[in-house]
Amino acid sequence: MSLTILASACRLKPLHRLQRIQGHMMSSHAEPEVLLEKVGKAGLITMNRPKVLNALNLTMIRQMYPQLKKWEKDDDTDLVIIKGTGGKAFCAGGDIRAVTDAGKVGGSLAQDFFREEYILNNAIGAYRKPFVAIIDGITMGGGVGLSVHGRFRVATEKTLFAMPETAIGLFPDVGGGYFLPRLRGKLGLFLALTGFRLKGRDVQRAGVATHFVESKKIPELEKELVDLKCPQDEDVSKLLESFQNQSSLDADKPFVLDKHISDIDRLFSSSSVEGIVQNLKADGSEFATRQAEILTKMSPTSLKLTFRQLQRGGTMSLQDVLVMEYRLSQACMRGCDFYEGVRAVLVDKDQNPKWNPPSLAQVSDQSVDECFSSLGEKDLTF
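Thresholds, definitions, all that
Residues numbered from 1 in each chain as written. Predicted model: local features only at pLDDT ≥ 70, side-chain atom pairs only at ≥ 80, totals over all residues. Heavy atoms only, no water. Helix = DSSP H or I, 4+ residues; strand = E, 2+ residues; numbered from the N terminus. Buried < 20%, exposed > 50% of the residue type's maximum accessible area, 1.4 Å probe, protein only. Contact = heavy atoms within 4.5 Å. Areas by Shrake-Rupley, 256 points an atom, 1.4 Å probe, with all protein chains shown as cover. Axes fitted to C-alpha atoms, helices over the stretch in contact; angles between N-to-C directions. Parallel < 35°, antiparallel > 145°, perpendicular 65-115°, else oblique. Left-handed = near helix turned anticlockwise from the far one by under 90°. Nonpolar A, V, L, I, M, F, W, Y, C, P; charged D, E, K, R; others polar. Pairing = 2+ DSSP bridges. Salt bridge = Lys/Arg side-chain N within 4 Å of Asp/Glu carboxyl O. Core = buried A, V, L, I, M, F, W, Y, C linked by side-chain atoms within 4.5 Å. Disulfide = S-S within 2.5 Å.

Caption draft 1: A look at the overall build of the protein chain. When its secondary structure is counted, the protein chain shows 17 helices and 10 strands. Seen through its C-alpha atoms, the protein chain measures out along the principal axes to roughly 60 × 55 × 35 Å. A buried classification covers 57% of the 382 residues belonging to the protein chain. Taking contacts inside the protein chain between residues at least 6 apart in sequence as the whole, the part at least 24 apart equals 76%. When the accessible surface of the protein chain is summed, it comes to about 16100 Å², and 49% of that surface belongs to carbon and sulfur atoms.

Caption draft 2: Molecular detail of the packing of helix H2 (residues 58–73) against helix H4 (residues 109–125). Contact pair H2 / H4: the axes reach a minimum separation of 10 Å and the direction vectors enclose 30°. In this view, H2 runs roughly parallel relative to H4, as classed from their interaxial angle. Note on packing geometry: the crossing formed by H2 with H4 is left-handed. Residues Leu58, Ile61, Arg62, Met64, Tyr65, Leu68 and Lys69 of H2 lie in contact with H4, whose contacting residues are Leu109, Asp112, Phe113, Glu116, Glu117, Ile119, Leu120, Ala123 and Ile124. Residues belonging to the contact of H2 with H4 are distributed by class as follows: 11 nonpolar, no polar and 5 charged.

Caption draft 3: Layout of the sheet that holds strand S4 (residues 89–91). One open sheet holds the 4 strands; their spatial order is S4-S6-S8-S9, and the pairing between them is mixed. Each of the sheet's edge strands pairs with one partner strand only, and the pair in question is S4 and strand S9 (198–199). Taken together, the 3 bridges between strand S6 (residues 138–140) and strand S8 (residues 160–162) define a ladder with parallel strand orientation. Paired with Thr139 across the bridge in S8 is Phe161.

Caption draft 4: Highlighting the pattern of salt bridges. Following the criterion strictly, the structure yields 22 salt bridges and no others. Between Arg290 and Glu293 there is a salt bridge, with its nearest N and O atoms 3.7 Å apart. Taken as a pair, Arg290 and Glu293 lie in helix H13 (residues 286–297) at a separation of 3 residues, close to a single helical turn. Across the salt bridge formed by Arg327 and Asp379, the nearest N and O atoms sit 2.8 Å from each other. Placement of the pair is Arg327 in helix H15 (residues 318–334) and Asp379 in the segment after helix H17 (365–371), with a sequence separation of 52 residues. On the basis of relative accessible area, Asp379 is assigned to the buried category, the value being 10%.

Caption draft 5: Looking closely at the nonpolar core. Ranked by internal contacts, the top residues of the largest apolar core, which has 94 residues, are Met64, Ile82, Leu146, Phe161, Leu257 and Phe268. Ranked by residue count, the leading element in this core is H15, at 9 residues. Within the second largest apolar cluster, 17 residues are counted, among which are Ala42, Ile81, Leu225 and Val226.

Caption draft 6: Layout of the sheet that holds strand S5 (residues 131–135). The 6 strands are arranged S1-S2-S3-S5-S7-S10 in an open sheet whose pairing can be described as mixed. Each end of this open sheet is capped by a strand with a single partner; those strands are strand S1 (34–39) and strand S10 (211–212). Here strand S2 (residues 42–47) runs beside strand S3 (residues 79–84); their pairing, made up of 6 bridges, is parallel. Following the sheet pairing, Ile45 is matched in S3 by Ile82. Contacts between H2 and the sheet are confined to S1, S2, S3 and S5, with S1 contributing the most and set at about 20° to the helix.

Caption draft 7: Here's a closer look at helix H7 (residues 187–194). Most of H7 is tucked away, with 8 of its 8 residues classed as buried. If you check which residues of H7 are buried, you get Leu187, Gly188, Leu189, Phe190, Leu191, Ala192, Leu193 and Thr194. Elements in contact with the buried residues of H7: S8, S9, helix H11 (261–267), helix H12 (273–283), H13 and helix H14 (300–313). Of the residues flanking the end of H7, it is Gly195, one or two places downstream, whose phi is positive at about 75°.

Caption draft 8: Spatial organisation of the environment of Ser317. If you trace the backbone, Ser317 turns up in the loop between H14 and H15. Here the alpha-carbon distance between Ser317 and Gly177, two residues 140 residues apart in the chain, equals 9.8 Å.

Caption draft 9: The arrangement of the state of the cysteines in detail. The full count for this structure, using the stated rule, is 0 disulfides. In this model Cys91 remains outside any disulfide bridge; the closest cysteine sulfur is found in Cys332, 19 Å from its own. Overall, Cys91 belongs to the buried group, its relative accessible area being 0%. Cysteine Cys371 remains unbridged, with the sulfur of Cys332 as its closest cysteine sulfur at 6.7 Å. Residue class for Cys371 comes out buried when judged on its relative accessible area of 14%.

Written as structure tokens, this is what we have:
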């Protein structure tokens, strides 16, 4: 998911609104929303919605998934490359306008989008052939799910990574509960709770990307990837390393969080979100004070869900994390903070959400437990 919203349909009657939602998600365009092609023995996926920063919708998911499975079985396909068009974004997230509107009226899209997106995320994580994501530009939410679980993730100086979901009453989904707690120390928890943005080479330094290549070299890199004969992971890895070695841009700049890493590990080590907030306030440093201020703006429910999600996800398989996250997604669809967050941050843009409950203390353990409960026969299955 993440932050692409185009307009509100709140004033439309429910039936008309649902029809418009379905039309928006499933409409056919003269220009394909995702391009699927074979170049030599490489499968190439190109997200093609540059005007909305290649935001991911259900139509795209339903085209990508079967093609990925087909290429995985095809003896004439050796590797898969995924990228975005337009020069600004790999994929800025899920196109959540339709999901928001569907959730309000009980439309099936509120289940279908998350279910099929997570199944696609899992397919990428389990892919048996080299999978290379060229994350050149904005990569948030749903765009992270399309890249981070693959074997190779190539960042450029244009890459902007974030998981900003706590600001809209959601949580860092698409397998965030799997990869974030596996980053060093408490870095993943920090990124998840605060939505902190990483740029360029720092995306690799954090462990989100596997390689860094200057964007001007990407066309040549793509050509050489396509030209590889029967590539195995090690062949792709050597090629990416050679391009990385030719990319000196920003190499001398320290990691943006270098001087704060020990502080993050110390301040974000707690058995609760309340404990983290206390640590930040007690510390009193400029960095800690800033993070405490940021957390006060986030949905208290989202913060508690995210904390528990990463706490559990650190010892779970990707599949099990995605099952857990599907339960959380449906809890958010039943709740109110997601709709309020989308309104405040992305529709009305008043940046003044009225969270319910409004404080961490008022979010009970029982209400958090319920969000993680099994959905029975409606649970996500693979």
